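# Geometric and topological summary
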Amino acid sequence: MRTIQFREAVCEAMSEEMRRDESVYLMGEEVAEYNGAYKASKGMLDEFGPKRVIDTPIAELGFAGIAVGSAMNGCRPIVEFMTFNFSLVGIDQIINNAAKMRQMSAGQFPMPMVFRGPTASAGQLGATHSQAFENWFANTPGLKVVVPSTVYDAKGLLKAAIRDNDPVIFMESEQMYGDKGEVPEGDYTIPLGVADIKREGTDVTIVSFGKIIKEALAAAEELAKEGISCEIVDLRTVRPMDYDTIINSVKKTNRLVVLEEAWPFASVASEITYMVQERAFDYLDAPVQRITTADTPAPYSPTLLKEWLPNANDVIKAVKKVMYK
């Protein structure tokens, strides 16, 4: 196993798939000459040339539409948004065309494409650069939504996403590109729609995904010192969601806390909570607790931002609440 950075895992996944399949190409702002805004496409222009690694204007609606059309014509585009906050400019193409075309064409046009880039907050970047839209995209039939939390998962899931014949929203984090992790030498993929138990436990289930899962892992370490055993389920794929892994974990622990870096209303946590009460109500020994950001736009002030974001202490309090401690 090698130890590489998250950005290197993303670059490797794209490069390996482009070597494997000539119909795969990358387009987005600064992905070519600048090696990517986060250096996640470093060296790709030199290897694949300007016809397959394409710098675009600052026009998300335009290049998202070009990608949809090219997918309809047999290509497999990877579209990088510098941040998913900017995807809102091109969301008409994602929601109304990429997600719908397969059904509207009676299956004549599969849509093998990936929209990828960073999601959620990355420090003091202000309200319009700190939003998490996983639940927005997951609400749309026809889209798959992937949010990796580790270097290993990022590479395996991205390769699977590129090979998928449906449009995939692949959401990363600016604060994770420098993370390091072990990755195998050979080719591997991770199937979409399969959650991963990042930590085994017996007392309470914590479900999370993306970079915020680090707060759950930190909380679990602290709670273990008090004799509380937390099982941490990493969704990895928000849509399709692996309900069975969540339900089976809750049946074992009888308690559930959901941690998500997003606004509370109509969140991913809300969907999980509904499904657990429907399928595992009799196994619950306490009401489900969810932890989200505050129900406001992200503040710029570092003090307010710290209060706005969920943290390990919030997780500890929620776990103790469902444990009646």
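Being a predicted model, the structure only gives us computed values, none of them experimental.

## A word on the sheet that holds strand β2 (residues 24–28)
Strand order in the open sheet formed by seven strands is β3-β2-β4-β5-β7-β6-β12, and the pairing between neighbours is mixed. Strands with a single pairing partner mark the edges of an open sheet, and in this sheet they are β3 (53–55) and β12 (237–239). Averaged over all pairs of adjacent strands, the angle between strand axes in this sheet comes to 20°, irrespective of strand direction. Direction of pairing for β2 relative to strand β4 (residues 76–80): parallel, over a ladder of five bridges. Bridged to M27 within β4 is V79. Contacts from helix α7 (residues 151–163) reach β2, β4, β5 (114–118), β6 (144–146), β7 (168–172) and β12 within the one sheet, and its direction differs from that of β7 by about 160°.

## Structural notes on the packing of helix α9 (residues 243–253) against helix α10 (residues 268–280)
Orientation of α9 relative to α10, taken along the N-to-C sense of each, is 60°, at an axis distance of 10 Å. Here α9 is positioned oblique relative to α10, judged by the angle of their axes. Both α9 and α10 take part in a crossing whose hand is right-handed. Packed against α9, whose contacting residues are Y243, D244, I246, I247, V250 and K251, the element α10 presents E271, I272, M275, V276, R279 and A280 at the interface.

## Quick look at the pairing of strand β1 (residues 2–5)
Going residue by residue along β1, you find R2 and I4 tucked away on one face and T3 and Q5 left uncovered on the opposite face. Of the pairings in the sheet, the one linking β1 to strand β8 (residues 180–183) comprises four bridges and is antiparallel in character. Looking at the pairing, R2 lines up with V183 of β8.

## Notes on helix α8 (residues 213–224)
Given 3.6 residues per turn, any residue in an α-helix points the same way as the ones three and four places further on. Here α8 contains 12 residues, and its C-alpha end-to-end distance of 17 Å stays within 8% of the 16 Å for a straight helix at 1.5 Å per residue. When we look at burial in α8, the residues that qualify are I213, A216, A219, A220 and L223. Taken around the axis of α8, the buried residues stretch over an arc of 110°, which confines them to a single face. The inward-facing, buried residues of α8 abut β9 (196–199), β10 (204–208), β11 (230–234), β13 (256–259) and α12 (312–322).

## Description of the UniProt feature "domain: Transketolase-like pyrimidine-binding" (unreviewed entry) in the protein
With numbering matched to this structure, UniProt assigns "domain: Transketolase-like pyrimidine-binding" (unreviewed entry) to residues 4–179. The distance from the first to the last C-alpha atom of residues 4–179 is 8 Å, and the span holds 36% helix and 16% strand.

## Description of the packing of helix α3 (residues 60–72) against helix α4 (residues 91–98)
Orientation of α3 relative to α4, taken along the N-to-C sense of each, is 25°, at an axis distance of 8 Å. The orientation of α3 relative to α4 falls into the category roughly parallel. Across from L61, A64, G65 and V68 in α3, the residues of α4 making contact are D92, Q93, N97 and A98. When the residues that make up the contact of α3 with α4 are grouped by side-chain class, the tally is four nonpolar, three polar and one charged.

## Details of unusual backbone geometry
A cis amide bond links R239 with the next residue in sequence, P240, at an omega value of 0°. With phi around 55°, A266 is a residue other than glycine that occupies positive phi space. Along the chain, the position of A266 falls in the loop between β13 and α10. Residues other than glycine seldom take positive phi values, yet Y324 does so here, at roughly 55°. Turning to its location among the elements, Y324 is positioned in the segment after α12. Classification of Y324 as exposed rests on a relative accessible area of 57%.

## Here we look at the side chain of T140
Of note, T140 is situated in the loop between α6 (134–138) and β6. With sequence-adjacent residues up to four places away left out, T140 is seen in contact with I95, A99, K100 and R239.

About the cut-offs
Residues numbered from 1 in each chain as written. Predicted model: local features only at pLDDT ≥ 70, side-chain atom pairs only at ≥ 80, totals over all residues. Heavy atoms only, no water. Pairing = 2+ DSSP bridges. Helix = DSSP H or I, 4+ residues; strand = E, 2+ residues; numbered from the N terminus. Axes fitted to C-alpha atoms, helices over the stretch in contact; angles between N-to-C directions. Contact = heavy atoms within 4.5 Å. Parallel < 35°, antiparallel > 145°, perpendicular 65-115°, else oblique. Left-handed = near helix turned anticlockwise from the far one by under 90°. Buried < 20%, exposed > 50% of the residue type's maximum accessible area, 1.4 Å probe, protein only. Expected span 1.5 Å × (residues − 1). Arc of directions from axis to C-beta. UniProt positions renumbered as here; feature names shortened; annotations may be inferred. Nonpolar A, V, L, I, M, F, W, Y, C, P; charged D, E, K, R; others polar.

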